[in-house]
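# Results of the structural survey
In case you want the letters, here they are:
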Amino acid sequence: MQKTRTVLVTGGCGFIGANFVRLLRAKRPEWRLINLDKLTYAGNLNNLAGIDEGPGYRFVRADIGDAAAVEALFAAEPIDTVVHFAAESHVDRSITGPAAFIATNIGGTFTLLEAARKSWSGAGRQGADSRFLHISTDEVYGSLGEEGYFSETTAYDPRSPYSASKAASDHLVNAYFHTYGLPTLITNCSNNYGPYQFPEKLIPLIIHNALQGRSLPVYGDGRNIRDWLYVGDHCEAVLEVLERGVPGRSYNIGGNNEMMNIEVVTQVCDILDRRLGLPATGMTRRTLITFVKDRLGHDRRYAIDATRIREELGWQPQVDFEQGLEMTVDWYLANQDWVAAVVDGSYKEYYRTMYGGN
Ligand code: NAD
Ligand code: TYD
């Protein structure tokens, strides 16, 4: 029989967190979820529209770095499970403003670990079933050349303030396992795409700009490679690791789907051309592609070896890239009011700083 859990989800109003909260409400309706989110520019209550507060779900607005707020939550709720998504997540923002990444990704993770350790050791809840699952990224492993894959034993070699802050948090999580016996797990996943992704990341930014008839910025030569995974597949993997993963272990999650950025961007253009017909210019949206100045320290290639999660837990991606990208474009087309709401003044200011224009 399934164990009933009281789960603290952090960052549940962000892209992956919201998809995960939706998955849990559908698949584990008997679990109680507490969603702790600061609602930064990336967190949006609309991402959870239709998920109502009640015995199965509670929303708490707070900073994961606020020790008093986090400890109060552990005192008030019988939390036995943490799934920790909350983070500053965008590499470009980490280059222009790294401080928030250090505070949230390192300081915030430390605060959560401490609260879980104190609460679970004190209340005797650090039993066989309690779990602290830390959601991390493949970017901690650095950048690959043309050959090779990241496995769980690849040495950490982060190269951006974002990936360095995530690497530091992974090390802290492992330290809490080895030192205090906290039942931790880590997942290191490749690039996600899908519904509710903030339009600063490549795929939703390209969809949004193409719909506005704006130029489509491709960094450098466009030949950097990412391993794209549909967000629903990532969330299924997180649930598998949570329920069946071995504490102390980390699990790489990937889509087996390496693509050059320029290939991703042209595919988005082609889907939009098929769905909407050519724009008024009569020219394919591919003509909007503009090569722009490269990102500082731009990692060349990421690619995941997901053998461990496949062999130990039987997880494999279910959605192939073509199908996932079509679903994603269709979601954005059907949810233009969601996009209009998040593309607010602060987004416009960010966009001007990054790309100029308006
Ligand atoms: P996101 O930026 O869309 O959402 C982050 C969420 O965390 C937001 O709801 C935000 O309000 C919240 N948050 C930020 N700082 C907070 C704080 N101090 N206290 C409380 N809440 C705070 O991020 P995402 O893309 O959904 O990523 C979620 C996690 O998955 C991150 O840890 C990220 O490193 C990891 N990850 C992301 C990807 C990807 O492709 N997006 C891939 C691998 C791993
Ligand atoms: P991004 O979605 O920011 O994810 P990450 O940097 O975490 O991999 O970027 C994905 C790739 O797309 C990355 O190689 C940078 C590139 N990129 C562009 O070429 N143009 C853009 O406007 C953005 C946002 C990203």
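Everything below is about the structure printed above this text.
Residues numbered from 1 in each chain as written. Chains lettered and ligands numbered in written order. Predicted model: local features only at pLDDT ≥ 70, side-chain atom pairs only at ≥ 80, totals over all residues. Heavy atoms only, no water.

## Some thoughts on helix 10 (residues 321-334)
Residue pairs spaced three or four apart in an α-helix point in one direction, given the helix's 3.6 residues per turn. Helix length check: helix 10 (14 residues) gives 20 Å between terminal C-alpha atoms against 20 Å at 1.5 Å per residue, within 8%. Three or more residues of helix 10 are buried, namely F321, G324, L325, T328, V329, W331 and Y332. Projection of helix 10 onto a plane perpendicular to its axis shows the buried side chains occupying an angular sector of 160°, all on one side. Exposed residues pointing more than 90 degrees away from the buried face of helix 10 are listed as E322 and A334. Looking at the buried side of helix 10, the elements it contacts are strand 7 (192-193), helix 6 (202-212), strand 10 (229-230), strand 12 (258-260), helix 8 (261-276) and helix 11 (336-342). The backbone nitrogen of E322 lies 3.3 Å from a side-chain oxygen of the residue at the head of helix 10, namely D320. (Helix = DSSP H or I, 4+ residues; strand = E, 2+ residues; numbered from the N terminus. Expected span 1.5 Å × (residues − 1). Buried < 20%, exposed > 50% of the residue type's maximum accessible area, 1.4 Å probe, protein only. Arc of directions from axis to C-beta. Contact = heavy atoms within 4.5 Å. Polar contact = N/O pair within 3.5 Å; in protein donor to acceptor, adjacent residues only side chain to side chain.)

## Remarks on the packing of aromatic side chains
Scanning the entire structure with this criterion turns up 20 aromatic pairs. Aromatic pair F74 and W120: ring centres 6.5 Å apart, planes at 65°, arrangement edge-to-face. One end of the pair, F74, is in helix 2 (residues 67-76); the other, W120, is in helix 4 (residues 99-123), and 46 residues separate them in sequence. W120 matches F74 in its accessibility class, with the two residues each being buried. Ring pairing ties together the aromatic residues Y41, F198, Y219, Y347, Y351 and Y355, which thus form one cluster. (Phe/Tyr/Trp six-rings, centres within 6.5 Å; stacked < 30°, edge-to-face > 60°.)

## Describing the layout of surface pockets
Gaps between atoms show up when a probe of the same size as a water molecule is rolled over them. The volume enclosed by the largest pocket comes to roughly 380 Å³. Taken together, 20 residues make up the lining of the largest pocket; nearest its centre are Y219, V292, K293, M354 and Y355. For the lining of the largest pocket, the element with the highest residue contribution is helix 12 (residues 345-355), accounting for 4 residues. Classifying every residue of the lining of the largest pocket gives 8 nonpolar, 7 polar and 5 charged. (1 Å grid on protein atoms, 1.4 Å probe; cavity = no way out; pocket = protein on both sides within 12 Å on 5 of 7 lines; lining within 4 Å. Points joined across faces, edges and corners; volume = space filled by probe spheres on them. Nonpolar A, V, L, I, M, F, W, Y, C, P; charged D, E, K, R; others polar.)

## Concerning the site of ligand 2
In the neighbourhood of ligand 2, 18 residues make up the surrounding shell, with E139, R226, R295, H298 and Y355 lying closest. Interatomic distance of 2.7 Å between a side-chain N/O atom of R226 and an oxygen atom of ligand 2. Within the side chain of R295, an N or O atom sits 2.5 Å from an oxygen atom of ligand 2. Protein burial of ligand 2: of its 510 Å² of free accessible surface, 97% is covered by the chains. When contributions to the shell around ligand 2 are tallied by element, the ones reaching two or more residues are helix 6 and strand 8 (216-219). With 3 residues, strand 8 is the largest single contributor of residues to the shell around ligand 2. (Near = heavy atom within 4 Å. Areas by Shrake-Rupley, 256 points an atom, 1.4 Å probe, with all protein chains shown as cover.)

## Things to note about the side chain of D227
Of note, D227 is situated in strand 9 (residues 225-227). Comment: no salt bridge for buried D227; closest opposite-charge side chain is R301, at 8.1 Å. Within the structure, D227 has its side chain in polar contact with the backbone nitrogen of G255 (distance 3.0 Å). Only 3.0 Å separates the side chain of D227 from the backbone nitrogen of N257, close enough to count as a polar contact. (Lys, Arg positive; Asp, Glu negative; His and termini not counted. Salt bridge = Lys/Arg side-chain N within 4 Å of Asp/Glu carboxyl O.)

## A look at helix 5 (residues 161-180)
For helix 5, which comprises 20 residues, the first-to-last C-alpha distance of 28 Å matches the rise-based estimate of 28 Å (1.5 Å per residue) to within 8%. Those residues of helix 5 not exposed but buried are Y162, S163, S165, K166, A167, S169, D170, V173 and Y176. The first or second residue beyond helix 5 is G181, which carries a positive phi of 75°.

## Here's the deal with the side chain of T187
Note on placement: T187 falls in strand 6 (residues 184-189). Look at T187 and you get buried, because its relative accessible area is 0%. If near-sequence neighbours (up to four positions away) are discounted, T187 is found in contact with L133, H134, I135, S136, T137, V241, Y251 and I253.

## Structural notes on the site of ligand 1
Taken together, 28 residues surround ligand 1, and among them I16, D37, S89, Y162 and K166 come closest. Between ligand 1 and the protein, one listed contact pairs a nitrogen atom with a backbone N or O atom of K38 at 3.0 Å. Sorting the residues of the shell around ligand 1 by element identifies helix 1 (15-27), strand 5 (131-137) and helix 5 as the ones contributing at least two each. At 3 residues, the largest contribution of residues to the shell around ligand 1 is made by strand 5.

## Focus: the state of the cysteines
The tally for this structure, following the rule as stated, stands at 0 disulfides. Lacking any disulfide linkage, C13 is separated from the closest cysteine sulfur, that of C235, by 14 Å. (Disulfide = S-S within 2.5 Å.)

## So, the environment of A62
The residue A62 is located in the loop between strand 3 (57-61) and helix 2 in this model. A residue is classified by how much of its surface remains accessible, and A62, at 14% relative accessible area, is buried. With residues up to four places along the chain from it excluded, the contact list for A62 reads L36, D37, K38 and A69.

## Here we look at the pattern of salt bridges
Tallying each qualifying case throughout the model produces 20 salt bridges. Between K38 and D63 there is a salt bridge, with its nearest N and O atoms 3.3 Å apart. Highlighted residues: K38 in the loop between strand 2 (32-37) and strand 3 and D63 in the loop between strand 3 and helix 2, separated in sequence by 25 residues. Taking relative accessible area as the criterion, K38 reaches 40% and is therefore assigned partly exposed. Judged by its relative accessible area of 26%, D63 is partly exposed. A salt bridge links R286 to D270; the shortest N-O distance between them is 2.6 Å.

Purely spatial values, then, with no claim about function.
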